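Coordinate analysis (summary)
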Amino acid sequence: MKNLIALFLLIFVSAQNTSLFAQEIANGKPSRDVVILNGTHQPQHLYNINEPVAMYCSDTDVLEITFDSYWYSHYTINLEGPYAVVDYFANSPTVYLPVANMGDVVDIYIESEDCGSYYGVLDKTAFTSME
């Protein structure tokens, strides 16, 4: 009986320990923030194309852009900051772009002839806190 109780206690403690690692900081700021993208030209299609979603992770200084799972290869991404201008081609539905050396304000241009064009501004200072 003692072995059964010890086994149950071990499983319970292990489950609690792993659930703590699954969460980010309890009651803390999320590690990723949404960057607003505005569409400037969206052609009409017979099918629905999901709009791109941009997220900024202040911990790693990486911009994550998620595209439609089928039409991602039609997009090009242009990032313009005070220190650099970089062009990227979407080669997967989710693209991770390092923006550490581009300055505090980065203009995001996402363009496609078939799927629309989008513009957004990443202001890193809006996502950091002085805690």
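Each chain carries its own residue numbering, running from 1 in the direction its sequence is written. This being a predicted model, a pLDDT of at least 70 is required before a residue's local features are given, and a value of 80 or more before pairs of side-chain atoms are given or counted; all residues contribute to the totals for chains, interfaces and linings. With hydrogens and water excluded, all non-hydrogen atoms of the structure serve as input to the side-chain values.

**Notes on the overall build of the protein**
Under the DSSP-based scheme used, a helix requires at least four consecutive residues in state H or I and a strand at least two consecutive residues in state E, with every element numbered from the N terminus. Per the secondary structure count, the protein includes one helix and nine strands. Along the chain direction, N to C, the helices and strands of the protein fall in the order α-β-β-β-β-β-β-β-β-β. The classification of residues rests on relative accessible area computed with a 1.4 Å probe and restricted to protein chains. Under 20% of the type maximum is buried, over 50% is exposed, and intermediate values are partly exposed. Scored against the burial criterion, the 131 residues of the protein give a buried share of 31%. The contact criterion used is simple: two residues touch if any of their non-hydrogen atoms lie within 4.5 Å. Restricting to contacts in the protein with at least 6 residues of sequence separation, those with at least 24 account for 53%. Methods summary: accessible areas were calculated by the Shrake-Rupley approach with a probe of 1.4 Å, and residue burial reflects only the protein chains presented. Accessible surface, the protein as shown: approximately 9100 Å² in total, 57% of it carbon and sulfur.

**Quick look at the packing of aromatic side chains**
For this analysis, a ring pair means two rings from Phe, Tyr or Trp (six-membered ring only for Trp) whose centres lie within 6.5 Å, classed as stacked if their planes differ by under 30 degrees, edge-to-face if by over 60, and tilted for the remaining angles. Enumeration according to the criterion identifies three aromatic pairs in this entry. Ring plane angle 40 degrees and centroid distance 5.0 Å describe the contact between Tyr-109 and Tyr-119, whose orientation is recorded as tilted. Taken as a pair, Tyr-109 in strand 8 (residues 105–111) and Tyr-119 in strand 9 (residues 117–123) lie far apart in primary sequence, 10 residues in all. Classification of Tyr-119 by relative accessible area gives partly exposed; the value is 29%.

**Section: the sheet that holds strand 7 (residues 94–98)**
By this definition, two strands are paired if DSSP reports at least two bridges between them. Taken together, the four strands give an open sheet; going across it, the order is 1-3-4-7, and neighbouring strands pair in antiparallel fashion. The outermost strands of the open sheet, each flanked by one partner alone, are strand 1 (32–35) and strand 7. The mean angle between the axes of side-by-side strands here comes to 25 degrees, regardless of whether they run parallel or antiparallel. In this structure, strand 4 (residues 62–66) lies alongside strand 7, joined through five bridges in antiparallel fashion. Note on strand 7: the bridge partner recorded for Thr-66 is Thr-94. Axis lines are fitted to C-alpha atoms, over the contacting stretch for helices. Their N-to-C directions set the angle, which ranges from 0 to 180 degrees.

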